[in-house]
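Here are the chains, one letter per residue:
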Amino acid sequence: MARLDQVITTMVDIFLEYANDGEGKKPKLNKEELKKVLEQEIQSPELKEKINADDIEEVMEMLDKNHDGEVNFKEFCRCVSDLAKCYYSKKTGKGGKKGKGKNQECEQED
Ligand SMILES: [Ca+2]
Ligand SMILES: [Ca+2]
């Protein structure tokens with residue numbers, strides 16, 4: 001499999017695996033499921049610092065754009081893409097600098 005294929009299928013597979021909702025139900029991550037994803041599928045310290053599973057309430061609030069108390073696939077994609085942007089900023093040296101409002105750089109809310 002090519003690399004992007006892998007990224008895409010992995011994202012979908014992870015989401016479905018952790019969302020763990022029966023057939024006929026719309027897969028979503030509740031707080032506990034979200035916590036598990038973050039704890040088990042994110043290992044790099046930079047990203048862990050960006051999204052802290054210990055403060056799951058805050059993370060959920062940040063990700064749950066439609067305020068239904070759970071993270072659907074769209075919200076999950078946004079989370080991954082935010083983390084990717086954050087990593088990109090660090091890697092290219094643009095933004096992501098510590099100092100002012102620690103998380104602001106990578107989170108473009110709309
Ligand atoms: Ca679920
Ligand atoms: Ca939601």
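By the naming in an unreviewed UniProt entry, the protein chain goes by Protein S100-A5-like and is assigned to Sparus aurata.

Draft legend 1. Spatial organisation of the overall build of the protein chain. Along the backbone of the protein chain there are five helices and zero strands. Scanning the protein chain from its N terminus toward the C terminus, one meets helices and strands in the order α-α-α-α-α. Looking at the protein chain as a whole, 15% of its 110 residues qualify as buried. A separation of at least 24 residues holds for 39% of the contacts in the protein chain among residues at least 6 apart in sequence.

Draft legend 2. Region of interest: the environment of Leu63. With respect to the element layout, Leu63 can be found in helix 4 (residues 56-63). For the pair Leu63 and Phe76, spaced 13 residues apart in the sequence, the C-alpha separation amounts to 7.4 Å. Excluding its chain neighbours within four sequence positions, the residues that come into contact with Leu63 are Val71, Glu75 and Cys79.

Draft legend 3. Spatial organisation of unusual backbone geometry. Even without a glycine there, the phi angle at Asn20 is positive, about 55 degrees. On the basis of neighbour count, Asn20 is assigned to the partly exposed category, with 14 C-beta atoms found within 10 Å.

Draft legend 4. Spatial organisation of the packing of helix 1 (residues 3-19) against helix 2 (residues 31-41). Put simply, helix 1 and helix 2 touch, their axes get as near as 9 Å, and they point 135 degrees apart. Between helix 1 and helix 2, the angle is such that the two are oblique. Viewed along their axes, helix 1 and helix 2 form a crossing whose handedness is right-handed. Taking contact as the criterion, the partners of Ile14, Tyr18 and Ala19 in helix 1 are, on helix 2, Glu33, Lys36, Val37 and Glu41. In terms of residue class, the contact of helix 1 with helix 2 is built from four nonpolar, no polar and three charged.

Draft legend 5. How the structure looks around the UniProt feature "domain: EF-hand" (unreviewed entry) in the protein chain. Using the residue numbers shown here, the UniProt feature "domain: EF-hand" (unreviewed entry) corresponds to residues 51-86. Helix makes up 61% of residues 51-86 and strand 0%. Its end C-alpha atoms lie 11 Å apart.

Draft legend 6. Region of the structure containing the nonpolar core. Listed in full, the 11 residues of the largest apolar core are Phe15, Tyr18, Ala19, Leu29, Leu34, Val37, Leu38, Ile51, Val71, Phe76 and Cys79. Counting residues per element, the ones that place at least two in this core are helix 1, helix 2 and helix 5 (73-92). Those residues in contact with Leu34 that lie beyond four places of it in its chain are Leu29, Ile56, Val59, Met60 and Val71.

Basis of the calculations
Residues numbered from 1 in each chain as written. Chains lettered and ligands numbered in written order. Predicted model: local features only at pLDDT ≥ 70, side-chain atom pairs only at ≥ 80, totals over all residues. Helix = DSSP H or I, 4+ residues; strand = E, 2+ residues; numbered from the N terminus. Buried ≥ 20, exposed ≤ 12 C-beta atoms within 10 Å, placed from the backbone. Contact = placed C-beta atoms within 7 Å. Axes fitted to C-alpha atoms, helices over the stretch in contact; angles between N-to-C directions. Parallel < 35°, antiparallel > 145°, perpendicular 65-115°, else oblique. Left-handed = near helix turned anticlockwise from the far one by under 90°. Nonpolar A, V, L, I, M, F, W, Y, C, P; charged D, E, K, R; others polar. UniProt positions renumbered as here; feature names shortened; annotations may be inferred. Core = buried A, V, L, I, M, F, W, Y, C linked by C-beta atoms within 7 Å.

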